[in-house]
Amino acid sequence: MKKFLFLVGARPQIIKFAALQPHLKYADLSFILVHSGQHYDPELSENFFHELDIKSPDYNLDAGSSSHAQQTASIMVSLEKVVENVKPDYGVVFGDTNTTLAGALVFSKMGIPLVHIEAGLRSFNRKMPEEINRIVTDRLSHILFAPSERARENLSKEGINQNVYVTGDLHYDLFRLMEKHLNETHIELPFTDRFAFLTLHREENTKNPDFVNTLLYELEKTNTHVIFPCHPRTYSLLKNREFKYIHILPPVSYIKTLWYIKNSFIVITDSGGVQKEAFYLKKPVIIARSETEWIEIVELGYGKLVGKDINKTIELMQNPWSKGTFQEVYGDGKAGEKIASILSKL
Ligand code: UD1
Ligand code: UDP
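Residues numbered from 1 in each chain as written. Chains lettered and ligands numbered in written order. Predicted model: local features only at pLDDT ≥ 70, side-chain atom pairs only at ≥ 80, totals over all residues. Heavy atoms only, no water.

(A) Representation of the overall build of the chain in the model. For the chain, the helix and strand inventory stands at 15 helices and 13 strands. Taking 2.2 N^0.38 as the reference for a compact globule, 346 residues should give roughly 20 Å; the C-alpha atoms of the chain span a radius of gyration of 20 Å, in line with that estimate. Projected onto the principal axes, the alpha-carbon positions of the chain cover approximately 60 × 40 × 40 Å. The buried share among the 346 residues of the chain stands at 58%. (Helix = DSSP H or I, 4+ residues; strand = E, 2+ residues; numbered from the N terminus. Rg over C-alpha atoms; globule rule 2.2 N^0.38 Å. Buried < 20%, exposed > 50% of the residue type's maximum accessible area, 1.4 Å probe, protein only.)

Listed below in structure tokens is the structure:
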């Protein structure tokens, strides 16, 4: 029986693994789970293991936070030892973080075939660290699971055509599963008016603290309630943490995130996952980025790209556009089943 080493490390990867895990068990795959330790605060990591019933990692590499090079290198050095010990037949990485890149380099250099889940996404902006991680990882991968036809086309344009499978998005699987629990969930709000849901953490938006602080200041002036679960990276930049209309929270659970999105009238975000969840819940989403690798959301009329244009953000929030057309462009909610089935036949 083939042995798989799954590497996670950041919040969205833990969430994606949660969608895949039941299918790995069902397909009777032999696997071990390694956590890089890139995210270590309980609200970004451990809490999801409990909430989404994920097995405890077999190894935690405790990489923590540092510069891109230090973080990537630290994961690489520790992962190499684990791979020597475990001797997996395949190394599996998710998405586009530094954990993904570190795994791609270590597995490739150690001659372990690399599997990339969420392959083929491109923002076409190489200033974005994640874009570099995606390009390198896809180039090195032996098996590529793409979330959409567009992702497959992107790979094809780069000459990557072998062993590419369009499976859909693991986030959509989990969304479909958890959506059922949304009706049983209720969060008491300290107000009765409508509200926007905000998340921000991208390097391009947090490099300059002025952007985040000015955005919050301008949002407050609109007298519209905003629920803002704040990534620690962003929280550390805030000059003011006490607002009347902006409700700053620590990062919240997955089901609470879905609940807030579902009950908001609009979403403002630079997150890949939150963009998709807004789309899955058919909410208009103001994308605080100049481009998105989830371009279908814009094409189908749910997303508007605003970059760092705060005036535009406020204008769109105050005048939300009419909804787009929902299509299952990111699969049918069976990505996990498809991925596990392909892996079990290797
Ligand atoms: C990382 C990913 C990003 C992904 C995001 C998911 C890279 C290059 N970026 O961004 O693609 O969208 O995760 O959330 O891999 N910090 C804490 N506690 C933690 C983790 C981080 O306080 O548990 C703070 C530290 O100050 C750290 C900063 O957040 O320096 C950034 O963390 P890092 O993991 O480097 O990047 P993210 O912004 O989380
Ligand atoms: N998320 C969460 N709690 C929060 C904010 C986000 O559970 O307070 C979830 C969200 O539902 C989505 C994922 O985290 O599934 C997105 O992760 P993140 O924004 O950190 O990274 P990205 O998707 O941009 O890489």
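(B) Spotlight on the environment of F31. If you trace the backbone, F31 turns up in strand 2 (residues 30-35). A relative accessible area of 13% means that F31 is categorised as buried. For the pair F31 and F175, spaced 144 residues apart in sequence, the C-alpha separation works out to 24 Å. Not counting residues up to four positions away in its chain, the partners in contact with F31 are F4, F6, F17, L24, K25 and K55. (Contact = heavy atoms within 4.5 Å.)

(C) How the structure looks around the site of ligand 1. For ligand 1, the set of nearby residues contains 19 residues, the closest of which are H39, N98, E130, H201 and R233. At 2.7 Å from an oxygen atom of ligand 1 is found a side-chain nitrogen or oxygen belonging to H39. Separating an oxygen atom of ligand 1 from a backbone N or O atom of D41 is a distance of 2.9 Å. For ligand 1, the protein covers 85% of the area, taking 750 Å² as the surface of the free molecule. Among the residues forming the shell around ligand 1, the class breakdown is 5 nonpolar, 9 polar and 5 charged. (Near = heavy atom within 4 Å. Polar contact = N/O pair within 3.5 Å; in protein donor to acceptor, adjacent residues only side chain to side chain. Areas by Shrake-Rupley, 256 points an atom, 1.4 Å probe, with all protein chains shown as cover. Nonpolar A, V, L, I, M, F, W, Y, C, P; charged D, E, K, R; others polar.)

(D) Expanded view of the sheet that holds strand 5 (residues 114-117). With parallel pairing, 7 strands are arranged side by side in an open sheet as 3-2-1-4-5-6-7. Only two strands of the sheet have a single partner each, and these edge strands are strand 3 (59-60) and strand 7 (164-166). In terms of strand pairing, strand 4 (residues 90-94) meets strand 5 through 4 bridges, oriented parallel. Bridge pairing in strand 5 links V92 to V115. The sheet strands contacting helix 3 (residues 68-86) are strand 1 (3-8), strand 2 and strand 3, and the helix crosses strand 1 at an angle near 165 degrees. (Pairing = 2+ DSSP bridges. Axes fitted to C-alpha atoms, helices over the stretch in contact; angles between N-to-C directions.)

(E) Focus on the side chain of T185. Positionally, T185 belongs in the loop between helix 7 (170-182) and strand 8 (195-199). Not counting the four nearest positions on each side in its chain, T185 is found in contact with I255 and W259.

(F) Geometry of the sheet that holds strand 12 (residues 285-287). Read across the open sheet, the 6 strands follow the order 10-9-8-11-12-13; overall the sheet is parallel. The two strands at the open ends of the sheet, each matched to only one other strand, are strand 10 (246-249) and strand 13 (303-305). Going from strand to strand, the sheet's axes swing by 20 degrees on average, the running direction of each strand aside. Alignment of strand 9 (residues 225-229) against strand 10, held across 4 bridges, turns out to be parallel. Within the sheet, the bridge partner assigned to I227 lies in strand 10 and is H247.

(G) Highlighting the site of ligand 2. In the neighbourhood of ligand 2, 18 residues make up the surrounding shell, with R202, V252, S271, G273 and E277 lying closest. Note that an oxygen atom of ligand 2 is positioned 2.9 Å from one of the side-chain N or O atoms of R11. Between ligand 2 and H171, the relevant distance is 3.0 Å, taken from an oxygen atom to a side-chain nitrogen or oxygen of the residue. Of all the secondary structure elements, the ones that give two or more residues to the shell around ligand 2 are helix 1 (11-26), helix 11 (254-263) and helix 12 (272-280). The element contributing the most residues to the shell around ligand 2 is helix 12, with 4 residues.

(H) Region of interest: unusual backbone geometry. Of note in the backbone geometry, D62 takes a positive phi value of approximately 50 degrees without being a glycine. Although it is not a glycine, N163 adopts a positive phi angle of roughly 55 degrees. Within the fold, N163 resides in the loop between helix 6 (149-157) and strand 7.

(I) Broad picture of the pattern of salt bridges. Using the criterion set out here, one finds 19 salt bridges in the structure. For D169, the salt bridge goes to K276, with nearest N and O atoms at 3.2 Å. Taken together, the residues span a long stretch of sequence, with D169 in the loop between strand 7 and helix 7 and K276 in helix 12 at a distance of 107 residues. Judged by relative accessible area, D169 falls into the buried class, the value being 2%. Exposure remark for K276: the relative accessible area of 1% places this residue in the buried category. Here E203 ties to R233 by a salt bridge, and the two come within 3.5 Å at their closest N and O atoms. Residue E203 is located in helix 8 (residues 203-206), and its partner R233 is located in helix 10 (residues 232-235); the two are separated by 30 residues in the primary sequence. You can call E203 partly exposed: its relative accessible area is 24%. Several salt bridges converge on common partners, so that one network encompasses D96, E131, R134, R289, E291 and E293. (Salt bridge = Lys/Arg side-chain N within 4 Å of Asp/Glu carboxyl O.)

None of the figures reported here should be taken as evidence of function without further support.
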